[in-house]
Each structure stands twice: as C-alpha cells, then as structure tokens.
Amino acid sequence: MDYEQPATANLGPGAKAIVAIRDIAFGGEGVARIGEFVVFVPFVLVGEEVEVELTEVKKRFARGRLVRVLKSSPHRVPAPCPYFGDCGGCQYQHTAYPVQLEIKRKQIADLFQRIGGFSPEILAPVVPCPQPYGYRNRIMIRSQWDKFKQGLNIGFIRADNRLVVDIEECKIAEPALNTQIAWVRKNPPPKGGLKVVLRVAPEGWEVPKDSFFQNNFFLLPKLVEQVRNCLQRSGIRFLVDAYCGVGFFTIEAADLVEKAVGIELDQPAIKAARTNAAKRNVSNSAFLSGRTEDLLPGLLERFDPRQTAVLLDPPRAGCPQPTLELLRSTRVGQVIYVSCHPATLARDLNILCANNVFELKNVVSLDMLPQTQHVECVADVGLTT
C-alpha cells in the first residue's frame, strides 16, 4: 500500500482505500466495507481487491471511484467500448457474459426475497440474449455545449455526473444506429440541450415516433414465448392487455383466447395498434384509449373475471395500487406481469399475493439489455387454489 487505510471516522471525499469486493448490488455497483462502513464501487467484480477514491460520503455508506484493480477476478474481460467507464449506458462490459446472467439472477432473487418475501427457487436462470452486442434498436443521444473545446458533445450522460460524454459509436446499438449517429455528428443539433432519438423500425409493425416498443429484436421471440406459455398454462378465455402500446402482446397472443382487449393512454399508439391488428387479420381484438385505472373495471364487468387474464406491462414505476387492489377484489383468473424493474415488480407482486389471494407460480427473466443493469421479467400469477 502507498498509504495507510483511513479510519472510518476520517472518511471523506478524496480519501483513498484498498477494499475487497463482496457482492454486486442491483444497479451494478460492487459492495465493499471499510470496517462496518459500506462502500459502493462501479466496474468491479466479486473477489477483486481494488483501490478506490471516495467521491460521496453519507452517514452509513459511501461511493467510490475505481482507481485500479489490484487483484483481478478470472471473470474480468476487456471492455470492447472505448467509452466504457465514462459513458453511463453500460455497467457490465468488464464482466464475462455468463457471469452477467448469474449476477442478474442473484440480484433479482435478493430483491424478490427482501421486498416480496418470495423464495429464490421461484426464479429460473436468466434467458441469455443471442447477440450481447449490437442488439439495441433504439437509443437517445444528447447534445451539450463544451466550453473547453468550444463545441458540442454529442453522446450519452456520463457515469459519474450529468455531463455528456462525446461518442462516435455505441457498441450495444444495432449497426444501423451507428450509421445514424455518424449522420447526426455531421449534421449536429443547432445548440446544446437537445435530445435526438434514433430507432430501427420493427419490421411489419407501425410504431409512432414517441411510442414504446421493445429495444431488443433478437430476444423478442423468447419474450413472446414466455407470455404465450403463461396463457396456455392457464387455459384462460379472455385477455386484457393493460399498457398495451402498439398492441404487440395483444396481437401476438390473440389466437390463444376468445377475445383480447388492449388499453393504452398514448392515442397515436392505439391508432397504430388497430392498424397492426388489421394488417395481421386479427379480428378478435379491440383497443381502447384511456387509463388502465379508468377502463379496467368496466372490462372486468364485461368479461368473467375468473376466465380473464390481465397482462400488466407498466412503466418502471410499476402499477398503481388501486389497480392491483381491483385485481384482488375481482379475483381475476390470471395476472401476467411483464416488468423491466425487478424491485417494483417484487413490490407489486407482494401486494397481489397478500393474504393468499394470488400465488406467484413462475418468474422468467430475460436479458433484453446485455452489458447494462437492466433485465426483463415475466411473472405468472394465479388465484390460490
């Protein structure tokens, strides 16, 4: 060591320490300790010994910047992206891909156990992406004036602050998007502070400019397969697809039920959903524009709740509690919950399953965003027997 380990009482921003990484927290930061004081460090792996410089110190924990790796994990790999560590888009490029999947499964299991009280045994191994790089079909790049170089930085938010790191390509983006990045750099926005959304349109689907569609075409068939498996196991007759977007799940699963209805607040998406269904000659589906909280009660009066599956695919914040309570009080036959945020998923599943109204039967996770902290989950929830 070049210096003595700081005493816990003397910890402050700028202090340096050598620590052992014990775990990887949800979000990708390594967990270490100085005495009983917890330190979070990005871009590390379990079992590594690293030198860190503290950048933020709170009452019970601190965050540190990785200075150097003193003892490397055998699972550490060279990051192919020259911006990794500066750009905030990826957290795991330094990690062998099979180990990324293990880390994500453990993180989900920990969250489900801590927040929802669910056994880790309920979780299947994370389904890998067949293409861990060059998969992302939608990105948002930002522009920011750099007063030092007297020009625009065009790229992504940095990992350590809110500044924009200037990038020429993105290793996790589809090649077509990197071509679009090059075009934007040659034809930059007129000023800083502007965002540019780049997208590869899904073949055969109408998707309005600002409407949601899954970011990974390569693993999308597996995601559909999991939703269909849930429906087939239940033998349900009706499907209500809340937060249906452009009708993707409604249309892909409509052949398994007598009637499917999609609900979506985004009106351009609803128009697109109707077009997408018509293109595929899906005649047993309907799409309603409005809030799930407002429209779902009427649909559960129209359909027999015990023969109805409600598919929830809400934003990262999760599902409003009144909607969850409605599903409990009407005792719908099945809830299929698709989520990109395991913590809010565990919270909402805990509400659904309280007092043994529902039972969590199966959870499958899919690595829709390799190299990043994010993971998609499909939970199958049924009435307790």
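It should be emphasised that the depicted structure is a prediction, and the values quoted were computed from it without experimental measurement.

Conventions used here
- All residue numbers here refer to positions counted from 1 along the written sequence of the relevant chain.
- Local features in this predicted model are restricted to residues whose pLDDT is 70 or higher, and side-chain atom pairs enter the listing and the counts only when it is 80 or higher, whereas totals over whole chains, interfaces and linings include all residues.
- As a convention, hydrogens and water are excluded, and side-chain values are obtained from all of the structure's heavy atoms.
- Per the convention used, a helix needs a DSSP run of H or I reaching at least four residues, while a strand needs a run of E reaching at least two, with both numbered from the N terminus.
- Residue contacts are defined here by distance: any two heavy atoms, one from each residue, within 4.5 Å place the two residues in contact.
- Any two of the Phe, Tyr and Trp rings considered here, Trp counted by its six-membered ring, make a pair once their centres fall within 6.5 Å; the pair's planes then place it as stacked at under 30 degrees, edge-to-face at over 60, or tilted in between.
- The rule is simple: take the accessible area with a 1.4 Å probe, protein chains only, and divide by the maximum for that residue type; under 20% is buried, over 50% is exposed, in between is partly exposed.
- Charge over a ring is defined by NZ of Lys or CZ of Arg lying within 6 Å of the ring centre and within 35 degrees of the ring normal.
- Put simply, the grid is 1 Å and covers the protein atoms alone, a cavity is a trapped set of points that fit a 1.4 Å probe, a pocket is an open set with protein on both sides within 12 Å along at least five of seven lines, and lining residues have an atom within 4 Å of a point.
- Grid points are joined across faces, edges and corners, and a volume is the space filled by probe spheres set on the points.
- Each residue is assigned to one of three groups, with Ala, Val, Leu, Ile, Met, Phe, Trp, Tyr, Cys and Pro labelled nonpolar, Asp, Glu, Lys and Arg labelled charged, and all others, Gly among them, labelled polar.
- Strands are labelled as partners when DSSP assigns at least two bridges between them.
- Inter-axis angles, ranging from 0 to 180 degrees, are taken between N-to-C directions of lines fitted to C-alpha atoms, where helices are fitted over the stretch in contact.
- Every helix has an expected span of 1.5 Å times one less than the residues it contains.
- What the arc covers is the set of directions going from the helix axis to the C-beta atoms.
- Here, the term disulfide refers to a pair of cysteine sulfur atoms separated by no more than 2.5 Å.

**Quick notes on the environment of I115**
If you trace the backbone, I115 turns up in helix α1 (residues 97-116). Taking the C-alpha atoms as reference points, I115 and R347, 232 residues apart in sequence, are found 6.0 Å from one another. Ignoring anything within four residues of it in the chain, the contact list for I115 reads A343, A346, R347 and N350.

**What to know about the packing of aromatic side chains**
Counting across every chain of the model gives nine aromatic pairs. Taking the centre distance of 5.1 Å and the plane angle of 55° together, the rings of W205 and F248 count as tilted. Of the two residues, W205 is situated in the loop between β10 (195-199) and α3 (220-234) and F248 in helix α4 (residues 248-253); the sequence distance between them amounts to 43 residues. By relative accessible area, W205 is classed as buried at 11%. Ring centres of F248 and F249 lie 5.4 Å apart, and the angle between their planes is 65°; this geometry places the pair in the edge-to-face category. F249 carries the same exposure label as F248, and that label is buried. Feature note: the residues W205, F213, F217, F248 and F249 constitute an aromatic cluster, connected by ring pairs. Taking NZ or CZ as reference, R280 lies 3.8 Å from the ring centre of W205, over its face.

**Section: empty space enclosed by the protein**
Leftover empty space is mapped by rolling, across the atoms, a probe with the size of a water molecule. Counted according to the given criterion, the structure contains one cavity of 30 Å³ or more. Of the volumes computed, that of the largest cavity is approximately 30 Å³. If you trace the largest cavity, you find it lined by F26, R316, C340, H341, P342, Q373, H374 and V375. When grouped by side-chain class, the residues that make up the lining of the largest cavity number four nonpolar, three polar and one charged.

**A few points about unusual backbone geometry**
At Q150, a residue that is not glycine, the phi angle is positive and equals roughly 55°. One can find Q150 in the loop between β7 (138-146) and β8 (151-157). Given a relative accessible area of 55%, Q150 falls into the exposed group. Residues other than glycine seldom take positive phi values, yet N356 does so here, at roughly 60°. Relative to the elements of secondary structure, N356 occurs in the loop between α8 (342-352) and β16 (358-366). N356 sits in the exposed class, given a relative accessible area of 59%.

**Brief notes about the sheet that holds strand β17 (residues 376-383)**
In spatial order, the strands read β13-β12-β11-β14-β15-β17-β16; together these seven strands make up an open sheet with mixed pairing. Since the sheet does not close on itself, it has two edges, and those belong to β13 (285-289) and β16, each with one partner. When the angles between neighbouring strand axes are averaged without regard to direction, this sheet yields 15°. By the bridge criterion, six bridges tie strand β15 (residues 334-339) to β17 in an arrangement that is antiparallel. Bridged to Q334 within β17 is G382. Docked against the sheet, helix α6 (residues 292-302) engages β11 (238-242), β12 (259-264), β13 and β14 (308-312), running at close to 165° with respect to β12.

**Things to note about helix α2 (residues 175-186)**
With 12 residues, α2 extends 17 Å between its outermost C-alpha atoms, agreeing within 8% with the 16 Å of an ideal straight helix rising 1.5 Å per residue. Residues of α2 that are buried include every one of L177, N178, I181 and V184, and no others. Down the axis of α2, the buried side of the element spans an arc of 110°, and every buried residue falls inside it. Exposed residues pointing more than 90 degrees away from the buried face of α2 are listed as P175, T179, W183 and K186. Summarising the contacts, the buried residues of α2 are in contact with β7, β8 and β10.

**Focus on the state of the cysteines**
Tallied over the entire structure, the rule returns zero disulfides. Looking at C244, it has no disulfide partner, and the nearest cysteine sulfur is the one in C319, 14 Å off. When its relative accessible area of 6% is taken as the criterion, C244 is described as buried. Considering cysteine sulfurs only, C377 is the nearest to C340, which forms no disulfide, with 9.4 Å between them. Owing to a relative accessible area of 27%, C340 belongs among the partly exposed residues under this scheme.

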